[in-house]
Amino acid sequence: MAGINSPQPDLNRNRLPTLFEVLSRRTLPPVDLFSFYIYMRDQQRSVDYLDFWLDVAQHMSLCRHYVRELRRSVMIGTPKGEDAQSKRSSAVLENLGEMNHPAAGPSMFNTEKEKNQDAQMSAFLREQSDTGDVVAPQGHSPSHSVGSNSGHNLGNMSSERPRPSFMSSPLEFTSDSNSPAHTVARADIRASAEKILYTFLLPGAEREIILPHAITQDITISIEERGRDDPEVFDAAKDYVFQAMERDAFPGFLRMKALGNLVPPSMMLRLIVGLLSMFAAFWVGFILIFLDYPHHTRVWLIIPFTVGIYALCSHQYALDPILALAGYSEYTFMSFSKIREPFVKRLLNKRALMVLMVTAITDAALVLLFVLVPGKRL
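Residues numbered from 1 in each chain as written. Predicted model: local features only at pLDDT ≥ 70, side-chain atom pairs only at ≥ 80, totals over all residues. Heavy atoms only, no water.

The name given to the protein in an unreviewed UniProt entry is RGS domain-containing protein, with Sclerotinia nivalis as the source organism.

Written out as structure tokens, the structure reads:
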């Protein structure tokens, strides 16, 4: 089932991707979720906001998976003699539909059908929390759920069911679905909501993110005092974080990954190499002129000039043209991944040819100047 709902990259996209497409794993390197995570960690220094978004999206998927299991068990057969409360819960589950939309995105991107389904799901989970009426899926055993294995301990739960690591490989994020493969217990949803609250939102939390006080206070009261754990609790915070990343981080990410293929340490290395090479080229060039060396000897200046201009142009445009034409992009210092996003690959190839042209013209002009200028021995 997870494979059916896995988001598929759009290979026919003739534009740069949006943040929602990146977060939904509908893009390929170098503008995929893994690259965005590395950018948020190394460049923006605000990876906690992305981790919060991913944990909330996983919480939404956990809730959908739980409700989907309950709905299927209801469709198989409703036990006789159940009370009116259970019958009402069964009716709500039957009206929810399959809930197969895979991406848990910001509310402004959801269709009316998805909004209605999510609202009904949240209302159902709130009703369960208020009444304690928990419908167990047929064949469900408490020993198979995450909550029972962890003893309802939040710390143990986070170690047994961690969110996928973003530090292993870019390939991890191209096909995975957020839906867990195991049976979800009601306690798992509660533990997931508390984990998000205690990790990101409470003052002094381990990875506290800065949100408007009204949002954090409302979430805290809803979870700790009202006992809520439905996805709607985090809607305001999720939308706020999405807009903040879209405004403050994503444009820089696109500039770095879609218009260039180097990270800042590599750019600094190229700047140093370029300046040293240009210094050596000018120094040797003036020596050859003022010692009146022949023109064919001065042609060797093409080597330091070419190295220097190539390195400086690579720094200026944040793009190594040879790497780009070879189809590679740097995601950490001296670590490269294949460029697989079609539109980005075409864009980088065009920019690489432009950088090579600028390099060749500047290099030719300087070499001809130092080769053809008349020599004069001092």
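Caption draft 1: Up close: the overall build of the protein. When its secondary structure is counted, the protein shows 16 helices and two strands. The buried share of the protein, taken over its 378 residues, is 48%. (Helix = DSSP H or I, 4+ residues; strand = E, 2+ residues; numbered from the N terminus. Buried < 20%, exposed > 50% of the residue type's maximum accessible area, 1.4 Å probe, protein only.)

Caption draft 2: Looking closely at the packing of helix α14 (residues 302–317) against helix α16 (residues 342–372). Orientation of α14 relative to α16, taken along the N-to-C sense of each, is 145°, at an axis distance of 9 Å. α14 and α16 meet at a crossing whose hand is right-handed. Between α14, through Ile302, Phe305, Thr306, Ile309, Tyr310, Cys313 and Tyr317, and α16, the contact on the second element is made entirely by Arg351, Met354, Val355, Leu356, Val358, Thr359, Thr362, Asp363, Leu366, Val367 and Phe370. Of the residues in the contact of α14 with α16, the class split is 13 nonpolar, three polar and two charged. (Axes fitted to C-alpha atoms, helices over the stretch in contact; angles between N-to-C directions. Left-handed = near helix turned anticlockwise from the far one by under 90°. Contact = heavy atoms within 4.5 Å. Nonpolar A, V, L, I, M, F, W, Y, C, P; charged D, E, K, R; others polar.)

Caption draft 3: Structural view of the nonpolar core. Grouped together as the largest cluster of nonpolar side chains are 57 residues, with contacts concentrated most on Phe36 and Leu50. The element best represented in this core is α16, accounting for eight residues. Residues within four places of Leu50 in sequence aside, it is in contact with Leu23, Leu33, Phe36, Tyr37, Met40 and Met245. (Core = buried A, V, L, I, M, F, W, Y, C linked by side-chain atoms within 4.5 Å.)

Caption draft 4: Expanded view of the packing of aromatic side chains. One pass over the structure, following the stated rule, counts twelve aromatic pairs. Judged by centre distance (6.0 Å) and plane angle (75°), the rings of Phe36 and Phe250 are edge-to-face. Of this pair, Phe36 sits in helix α2 (residues 33–44) while Phe250 sits in helix α11 (residues 250–258); the two residues are 214 residues apart in sequence, bridging distant segments of the chain. Taking relative accessible area as the criterion, Phe36 reaches 0% and is therefore assigned buried. Cluster of aromatic residues (ring-pair linked, three or more members): Phe282, Phe286, Phe290, Phe305 and Phe370. In this structure, Lys338 is placed above the aromatic ring of Tyr328, and the distance from its NZ or CZ to the ring centre is 4.6 Å. (Phe/Tyr/Trp six-rings, centres within 6.5 Å; stacked < 30°, edge-to-face > 60°. Lys NZ or Arg CZ within 6 Å of the ring centre and 35° of its normal.)

Caption draft 5: Geometry of the pattern of salt bridges. Applying the stated criterion across every chain yields a total of 13 salt bridges. Across the pair Arg15 and Glu21 runs a salt bridge, and its minimum N-O distance is 2.6 Å. Residue classification places Arg15 among the partly exposed residues on the basis of a relative accessible area of 36%. Since its relative accessible area comes to 12%, Glu21 is described here as buried. Salt bridges sharing partners connect three or more residues here, namely Arg13, Arg15, Glu21 and Glu341. (Salt bridge = Lys/Arg side-chain N within 4 Å of Asp/Glu carboxyl O.)

Caption draft 6: Main features of the pairing of strand β2 (residues 335–338). One ladder, built from four bridges, connects strand β1 (residues 328–332) with β2; its direction is antiparallel. Residue Ser329 lies in a different strand from β2, and its bridge partner there is Ser337. (Pairing = 2+ DSSP bridges.)

Caption draft 7: Structural view of the environment of Tyr310. Within the element layout of this structure, Tyr310 appears in helix α14. Overall, the relative accessible area of 18% leaves Tyr310 in the buried class. The contacts of Tyr310, once residues within four sequence positions are left out, are Asp320, Pro321, Ile322, Leu356 and Thr359.

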